Amino acid sequence: MTPPRAQPWLVPSCQKLDAFIPFLGKYHWPVSGRCCQTCTPRSWDGFYPEGLAALGLRDASRLTEADTRFRGWLVRRVCGFLAAWEWEIPAESPGQLLERICSSRRVQDAASSPEPGPRGDEGSQRSRKEEICQILGEIQAPLSPLLLRLCHWLLPKLLTRVFLSVQLHRGQLEMVLRAARTPEVPLVFLCSHQSPLDGPLLSFLLLSQGVGLPRVAVSTRTSPRLRSLLQRLGGIFLPSGMAPTWSGQDEGLPGAVLDAFVQEVLRSRQPLVLFLEEPSAFVRLAEPARRWLLRLLRALRDRAVPDALLVPVGITYDVAPGGLEQGAAPPQPLGLGSCLRAAFRALWCQQRGCARVDFSQPFSLQEFVDNNLVRPMLSGSPPEQLLLPTILGRGPLDVGSVGNSGPTLGTEEEILVTALGLHALSDSRASSAITAVGITAVLLLHRYQEVLLLPQLMRDFSELLEQLLLRGRAVSFSGQLRVLLVHSLRLLPPLQPLQPPLRLLQPPRASARARLGRLAGGVRHQLAGEAVGACAIRALVLEMLPVLGPPSSLTKIVLSRDELLHKILELLQLLPPTLLGLQPCRPPECHSLDILDKLILGGLLEEEEVEGERWGCDVAPWRPGRGQSLGFFTDDSDSDSEHGVPKQCYKLREPQRFPGFLLFLCRLLSPVLHAYGRAVHFLHRPPWPLPEQDCVEALLEFLAEDEDGYPDRSLALSSLQSFKDMGVLEELQTPTGPALQLSQPFQSASKREKLAAFIQQFTQL
């Protein structure tokens, strides 16, 4: 019998396109999320099941009779209630917890008075215990089993009204379940943060899949009523007595109580869920996350637990609940009333997307601390010493001591916290699946500049998806191509109107670009490394054009390997690694070589020897000084080259199935570089010094004035942080908080113009 085959369907443009079925059981799903083999080599082979990709997905929001001990037609109708009633919820005694925390060494040291009075010892101990009890009440509250079962019975009903499905990979779940069975070792989930729904969603998934009821760290921007409710459901909070920004200074009794509480949670082997970023500021390690990570390291150092297994978690939505794809708005406090209104709006929502939760491979915290390979990258020479000489024309870039962070990093403990947070944030972002809405948004934003036909969008969607699958990127969708595109366009209201006779799509309006840019962030994060290489190629081509003129074809241009690596390194030194999806444990030189390899494997570069009739970027005589500074990149086999020109060169190529892919990669990084360029022009405006928070809001208002760009809080924060690391801005400590001040060199307009020109070379078309 002849096997069934996909039937082609006819589109209005009379072109035949086959139904898109590359991963509907015929091929394994791409699964990402392996732990870092450099930092945690012993964890690389742990808990990873054979044939993980073939285990498939399940919809975790729909409970069936398989989730209960019973079977039958009646069970199928009440299986959600039966499952919620059977889930194991840990019982605890508040009195015993308080006694254990009071007996903690850290709490006793923080609570001890340097000059105890001769009398009133019993009264002072009673008042001290009341203070500890008050602090503990701000952190947590006794769990309510009845309320937990009721909420986790209602939550799947809400999820099925908000999402078409909540996808969970069975192979990744098997990894987590194997790690949960490790004796005396707790699990800690380090998550990206997309929406306020992330906490309840993860709590439900971990409890329903047999991992256990987690303790979820919640933002302090909640109303008292909502905070009390979340505490009864397993939420934990930072105490109010702690300083708003963390530092190496003594945090007093609130910090000691928080240390003791986290140690008790880890000893009881309750899963702990920590969010690494704020929903309004992606790919930036949040200050509360640093506080919680510090508690993990102290628990390990105090030997409260022998080890902890860390699981990076990536959460993706077609469209984040709550409209948080508008990245310019400041974070708003949550209240019980706003949550109820959001839930009722979700019940009447007509356009539903999908959600996906990805668990990365667990790795050992003790192994990460013992190796601590991120620290040399953080404590190396700052960009102030490396990149500014190149920008200001004072000398070549010294790649022998390149670092990735600013000049002030704090104590050894703070450096380790930053290293762990950045690495976990990079892992959670790398494990996040790509959505169909994200691919559609990135094509509409960066691929087209005019009216387009729907068949053209479908063809480019298929080609970009193939490029992502070839790179091993996980996707959160399957189905026919036309259905996927119609689903994506319906979730993008500003782009929804299609003219049925011609299937025309208008280019996105200015009001829609900010939302598209937010939704396209997942694809940009996955291809950011190759986008850096494409921008470096464009910068080299622009350097050549004034001398040789425009070539008849880009394929006639030959690029020097050393010059290309040097230009890639300059851009890597400007942008933070978390923004580019790069692991912070590797030096920028290695990232430059990896990016070059990806460009070659992706078909954008082809190695060949320089010929006389080719166009070359090395139009000036070779400078031995720069060649010596780039000794890491120079191949010894080039020592016999004539006239000092290296033999190893590359010519540009164009992928046949995706024409214009190089230009598309350049545009992919253009919102980031455009925001950095606008931030340079912003330096002319404020009266310095300016409080840092006011500076962020003023920069967002300045970005909103540009018709070609859009305001994004993550990019605004990232640009200011990069300027501080480079020495463009200086941080001053004032009585009202930290303030930013222009450094002495950049108080000159000519120096700011040089900085703008350096960034502009990567953005010009």
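Residues numbered from 1 in each chain as written. Predicted model: local features only at pLDDT ≥ 70, side-chain atom pairs only at ≥ 80, totals over all residues. Heavy atoms only, no water.

(A) Representation of the overall build of the protein in the model. When its secondary structure is counted, the protein shows 31 helices and 20 strands. Burial status across the protein gives 55% buried among its 765 residues. For the protein, the share of sequence-separated contacts (at least 6 apart) that also reach a separation of at least 24 residues comes to 80%. Of the roughly 34,000 Å² of accessible surface on the protein, 54% is carried by carbon and sulfur atoms. (Helix = DSSP H or I, 4+ residues; strand = E, 2+ residues; numbered from the N terminus. Buried < 20%, exposed > 50% of the residue type's maximum accessible area, 1.4 Å probe, protein only. Contact = heavy atoms within 4.5 Å. Areas by Shrake-Rupley, 256 points an atom, 1.4 Å probe, with all protein chains shown as cover.)

(B) Broad picture of the pattern of salt bridges. Across all of its chains, the model carries 31 salt bridges by this definition. Residue Arg100 pairs with Glu264 through a salt bridge whose shortest N-O separation is 2.8 Å. Here Arg100, found in helix α3 (residues 94-102), pairs with Glu264, found in helix α10 (residues 252-267); they are 164 residues apart in sequence, far enough to count as distant. With its nearest N and O atoms 3.1 Å apart, the salt bridge here joins Lys724 to Glu731. A relative accessible area of 14% means that Lys724 is categorised as buried. Look at the salt bridges and you will find they share partners, linking Asp259, Arg295, Arg298, Arg301 and Glu413 into a network. (Salt bridge = Lys/Arg side-chain N within 4 Å of Asp/Glu carboxyl O.)

(C) Layout of the sheet that holds strand β19 (residues 729-734). The antiparallel open sheet is built from 3 strands, whose spatial order is β18-β20-β19. The sheet is open, and its two borders are formed by β18 (690-691) and β19, each paired with just one other strand. With 2 bridges joining them, β18 and strand β20 (residues 737-742) adopt antiparallel strand pairing. Bridged to Leu690 within β20 is Leu740. (Pairing = 2+ DSSP bridges.)

(D) Spotlight on the pairing of strand β8 (residues 272-275). Both faces of β8 are covered, namely the face carrying Leu272 and Leu274 and the face carrying Val273 and Phe275. The pairing of strand β6 (residues 215-217) with β8 spans 2 bridges and is parallel. Across the sheet, the residue bridging to Arg215 is Leu272, located in β8.

(E) Main features of the packing of helix α28 (residues 670-682) against helix α31 (residues 749-760). Put simply, α28 and α31 touch, their axes get as near as 9 Å, and they point 170° apart. One element, α28, and the other, α31, form an angle in the roughly antiparallel class. Only Arg752, Leu755, Ala756 and Ile759 of α31 make contact with α28, whose side of the interface consists of Leu673, Tyr676, Gly677 and Val680. Of the residues contributing to the contact of α28 with α31, the split by class is 6 nonpolar, 1 polar and 1 charged. (Axes fitted to C-alpha atoms, helices over the stretch in contact; angles between N-to-C directions. Parallel < 35°, antiparallel > 145°, perpendicular 65-115°, else oblique. Nonpolar A, V, L, I, M, F, W, Y, C, P; charged D, E, K, R; others polar.)

(F) Geometry of the nonpolar core. Membership of the largest hydrophobic core comes to 109 residues, with the highest contact counts inside it found for Ile439, Phe461, Leu574 and Leu669. For this core, the element with the highest residue contribution is helix α23 (residues 528-548), accounting for 11 residues. Apart from the residues lying within four places of it in its own chain, the contact partners of Leu574 are Leu387, Leu673, Tyr676, Ser722, Met726, Phe758 and Ile759. Residues Cys39, Phe261, Ala289 and Cys585 belong to the second largest nonpolar core, which totals 54 residues. (Core = buried A, V, L, I, M, F, W, Y, C linked by side-chain atoms within 4.5 Å.)

(G) Region of the structure containing helix α19 (residues 454-470). An ideal rise of 1.5 Å per residue puts 24 Å on 17 residues; α19 measures up with 24 Å between its terminal C-alpha atoms. Extensive coverage of α19 is indicated by the burial of 12 of its 17 residues. For α19, the set of buried residues is Leu454, Pro455, Leu457, Met458, Asp460, Phe461, Ser462, Glu463, Leu464, Leu465, Gln467 and Leu468. Directly after α19, the chain includes Gly472, whose backbone phi takes a positive value near 75°. (Expected span 1.5 Å × (residues − 1).)

(H) The arrangement of the pairing of β20 in detail. Across the 6 residues that make up β20, a large majority, 5, are buried. Strand direction decides the pairing type here: β19 and β20, joined by 6 bridges, are antiparallel. Bridge assignment links Glu730 to a residue of β20, and that residue is Gln741. Connecting the antiparallel pair β19 and β20 is a turn made up of 2 residues.

(I) Structural context of the state of the cysteines. The final tally for this structure, using the stated rule, is 0 disulfides. Looking at the unpaired Cys102, the closest cysteine sulfur is the one in Cys133, lying at 8.1 Å. Judged by its relative accessible area of 17%, Cys102 is buried. (Disulfide = S-S within 2.5 Å.)

(J) Examining the environment of Gln270 more closely. The topology assignment puts Gln270 in the loop between α10 and β8. Residue classification places Gln270 among the buried residues on the basis of a relative accessible area of 11%. Apart from residues no more than four positions distant in its own chain, Gln270 is found in contact with Pro90, Leu187, Leu213, Arg215 and Val265.

(K) Highlighting the environment of Ile434. With respect to the element layout, Ile434 can be found in the loop between α17 (412-431) and α18 (436-446). Residue Ile434 is classed as buried on the basis of its relative accessible area of 2%. Residues Ile434 and Thr316, spaced 118 residues apart in sequence, show a C-alpha to C-alpha distance of 7.6 Å. If near-sequence neighbours (up to four positions away) are discounted, Ile434 is found in contact with Ile439, Leu468, Arg473, Ala474, Val475, Ser476, Phe477, Val523 and Gln526.

(L) Region of interest: α28. The end-to-end C-alpha distance of α28, which contains 13 residues, comes to 18 Å, matching closely the 18 Å that a straight helix rising 1.5 Å per residue would cover. When you tally the buried positions in α28, you get 10 out of 13 residues, the bulk of the element. Taken as a whole, α28 has its buried residues at Pro671, Val672, Leu673, Ala675, Tyr676, Gly677, Arg678, Ala679, Val680 and Phe682.

(M) How the structure looks around unusual backbone geometry. The step from Trp688 to Pro689 runs through a cis peptide bond, and the omega angle for that step is -5°. Along the chain, Pro689 falls in the loop between α28 and β18. Even without glycine at this site, Phe47 takes up a positive phi of about 65°. With respect to the helices, strands and loops of the structure, Phe47 is situated in the loop between β2 (16-17) and β3 (57-59). Its identity as a non-glycine residue notwithstanding, Arg303 has a phi of 60°, on the positive side. Residue class for Arg303 comes out exposed when judged on its relative accessible area of 74%.

(N) Region of the structure containing the environment of Leu159. On the secondary structure map, Leu159 appears in helix α6 (residues 145-162). When the C-alpha positions of Leu159 and Ala343 are compared, they lie 9.9 Å apart, and in sequence the two are 184 residues distant. In contact with Leu159, not counting residues within four places along its chain, are Ser61, Leu197, Leu201 and Phe204.

(O) Seen up close, a nonpolar patch on the surface. Judged by side-chain polarity, Trp73, Leu74, Val78, Phe81, Trp85, Leu146, Leu150, Trp153 and Leu154 come together as a nonpolar surface patch covering roughly 960 Å² of accessible area. Looking at the nonpolar patch, the element that brings in the most residues is α6, giving 4 residues. Secondary-structure assignment places Trp73 in helix α1 (residues 73-77). (Patch = residues over 30% accessible without salt bridge, like charges linked within 9 Å, V, L, I, M, F, W, Y side chains within 5 Å.)

(P) Representation of the packing of aromatic side chains within the structure. In total, this model carries 12 aromatic pairs according to the counting rule given. Residues Phe682 and Phe702 carry aromatic rings whose centres are separated by 5.9 Å and whose planes lie at 50° to one another, so their mutual orientation is tilted. Residue Phe682 is located in helix α28, and its partner Phe702 is located in helix α29 (residues 692-704); the two are separated by 20 residues in the primary sequence. For the pair Phe682 and Phe702, a shared accessibility class is recorded, and that class is buried. Three or more aromatic residues joined by ring pairs make a cluster, and in this case those are Phe658, Phe661 and Phe664. Cation over ring: Arg34 sits above Tyr48, and NZ or CZ is 3.7 Å from the ring centre. The residue whose ring lies beneath Arg149 is Trp85, and the NZ or CZ to ring-centre distance is 5.7 Å. (Phe/Tyr/Trp six-rings, centres within 6.5 Å; stacked < 30°, edge-to-face > 60°. Lys NZ or Arg CZ within 6 Å of the ring centre and 35° of its normal.)

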